[in-house]
Each structure stands twice: as C-alpha cells, then as structure tokens.
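Structural features, examined
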Amino acid sequence: SEVFTSYSSYLKAAKLYATPIWCCRFTGKSGLTYDEALEAEAESTAYLAQFPPYFAAPAACIIQHSKHALSDLLKHILAVYADRYVPGERLQVCLDTTEEQQCVVAREVFDHDQTQPGDAGYRAYLKNEDVSHDARRYVVRLWATGAEHTVTASQLRRPKKARGKDAAPSVPPPNHVLKRWLLEHFDR
C-alpha cells in the first residue's frame with residue numbers, strides 16, 4: 001500500500017523487497033526476502049494459535065522472577081513440559097484394562113499436601129521438580145464417564161496426534177512457538 005511518485009523509486013523499493021536482508025521477527029530466521037519474512041511470521045502466528053492454553057499458567061510461573069537468558073528459559077520450560085503433565089492437558093491413560101482411554105489432567109498430587117487452587121498450586125508444582133517422572137501422581141478425569149482416578153505418570157502418555165474434531169494438540173509447544181508466546185506476553 002505504498003504510493004510512488006516515480007518509476008525509479010518504485011524499482012528501488014521493489015529491489016529492496018526482493019533482497020534477502022529481511023528476517024522473521026519471531027523465529028529470528030534471517031536472509032529472507034520481504035515476502036518470505038511475512039510468510040514466516042504468518043506461519044509462526046498459525047503455530048501460536050495452537051499453543052495449548054493449559055501450558056500458559058505453568059510457563060508464566062516459571063518465567064516469573066527468572067533471570068535466565070531467553071534461550072536458557074526456553075530450554076528450561078521445554079524440559080519441564082517434556083517430563084510433566086499440566087492441569088487441562090489431554091492424555092491417554094491405561095487403567096486396569098489394556099485399553100487406553102482419553103482423559104484430562106485435573107491436578108498433580110503432591111506427597112506433602114494436596115494441590116491448592118490458583119498460584120499456590122503452581123508454586124507447589126515447581127517445588128516438586130526433583131520427583132522422578134514415574135513417581136509423580138496425577139488425578140485425571142476420563143472423557144467417557146467423567147470419573148476421576150489417581151494414576152502414576154507411567155500410566156499416562158501424550159497422544160501421538162490429536163484424535164477427533166475437538167481434540168487439541170497435546171504436546172509441548174515447539175521452541176519457536178514458545179519463544180513467540182513469550183515475546184507476545186512478556187516483552188513489554
């Protein structure tokens with residue numbers, strides 16, 4: 001939507017836009033033409049729309065008061081997500097039967113006390129970092145019946161891909177999506 005007063009100024013701008021000097025402001029990928037940079041930003045925005053909302057509160061709790069560099073913070077958050085399940089996350093659970101059932105995590109159970117609502121629950125969540133993956137316990141709600149069960153982490157798994165039209169992706173967000181989310185919400 002630029003207006004040019006001469007053909008030479010138009011050619012100069014067209015040459016500038018075609019030069020691979022642009023970068024995606026979210027992923028940091030450089031050496032792109034202007035159109036490629038816009039396309040990369042649109043793709044990043046599409047990934048951001050897939051950011052599961054239930055990861056937001058634990059991520060914000062990790063970020064709060066953090067003095068780490070962004071790259072270290074990203075690694076830490078992704079490491080936490082890889083080994084933990086968060087309330088609201090959709091998973092597969094194997095109970096007494098061999099058949100897996102869809103469920104949603106209601107809360108993590110802590111040995112020292114029950115999960116408290118709100119911010120206190122996320123602080124307890126972070127303090128529980130040194131517990132091994134298999135020793136963690138969660139209260140899950142089955143999709144089919146709504147019944148709640150306390151299970152160990154070894155009984156849970158993330159689905160390989162979303163199932164059904166209402167199923168949201170339930171995997172830790174990719175690094176560039178998390179970086180974009182952090183920049184959108186905390187870079188003020």
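Residues numbered from 1 in each chain as written. Predicted model: local features only at pLDDT ≥ 70, side-chain atom pairs only at ≥ 80, totals over all residues. Heavy atoms only, no water.

Secondary structure assignment for the chain yields 6 helices and 5 strands. Moving toward the C terminus, one meets the helices and strands of the chain in the order α-α-α-α-β-β-α-β-β-β-α. Counting all 188 residues of the chain, 32% fall into the buried class. Within the chain, contacts between residues at least 6 apart in sequence are counted, and of these 56% link residues at least 24 apart. (Helix = DSSP H or I, 4+ residues; strand = E, 2+ residues; numbered from the N terminus. Buried < 20%, exposed > 50% of the residue type's maximum accessible area, 1.4 Å probe, protein only. Contact = heavy atoms within 4.5 Å.)

With antiparallel pairing, the 5 strands of this open sheet are ordered in space as β4-β3-β2-β1-β5. The outermost strands of the open sheet, each flanked by one partner alone, are β4 (148–152) and β5 (156–157). As paired elements, strand β1 (residues 90–94) and β5 share 2 bridges and run antiparallel to each other. When the bridges of β5 are listed, Gln92 appears paired with Arg157. (Pairing = 2+ DSSP bridges.)

Before going further, it helps to examine the confidence of the model for the chain. Per-residue pLDDT for the chain has a mean of 77; in total, 72% of the residues score no lower than 70. Model confidence for the chain, summarised as mean pLDDT per element, is weakest for helix α5 (residues 119–127) at 52 and strongest for helix α1 (residues 7–18) at 95. Of the regions scoring below 50 in pLDDT, residues 113–119 engages in 9 contacts with residues more than four places distant in sequence or in other chains. Below a pLDDT of 50 lies the segment residues 162–170, which in the model reaches 18 contacts outside its immediate sequence neighbourhood of four places, other chains included. (pLDDT = per-residue confidence, 0-100.)

Side chains of Phe4, Tyr7, Tyr10 and Leu11 sit close together on the surface and give an oily, nonpolar patch of about 410 Å² of accessible area. Looking at where Tyr10 falls in the secondary structure, it is placed in helix α1. (Patch = residues over 30% accessible without salt bridge, like charges linked within 9 Å, V, L, I, M, F, W, Y side chains within 5 Å. Areas by Shrake-Rupley, 256 points an atom, 1.4 Å probe, with all protein chains shown as cover. Salt bridge = Lys/Arg side-chain N within 4 Å of Asp/Glu carboxyl O.)

What follows concerns the side chain of Arg158. Mapped onto the elements of the fold, Arg158 is located in the loop between β5 and α6 (175–186). Since its relative accessible area comes to 17%, Arg158 is described here as buried. Here Arg84 takes part through its backbone oxygen, which lies 2.6 Å from a polar atom of the side chain of Arg158. One polar contact links Arg158 to Glu89, side chain to side chain, over a distance of 2.5 Å. (Polar contact = N/O pair within 3.5 Å; in protein donor to acceptor, adjacent residues only side chain to side chain.)

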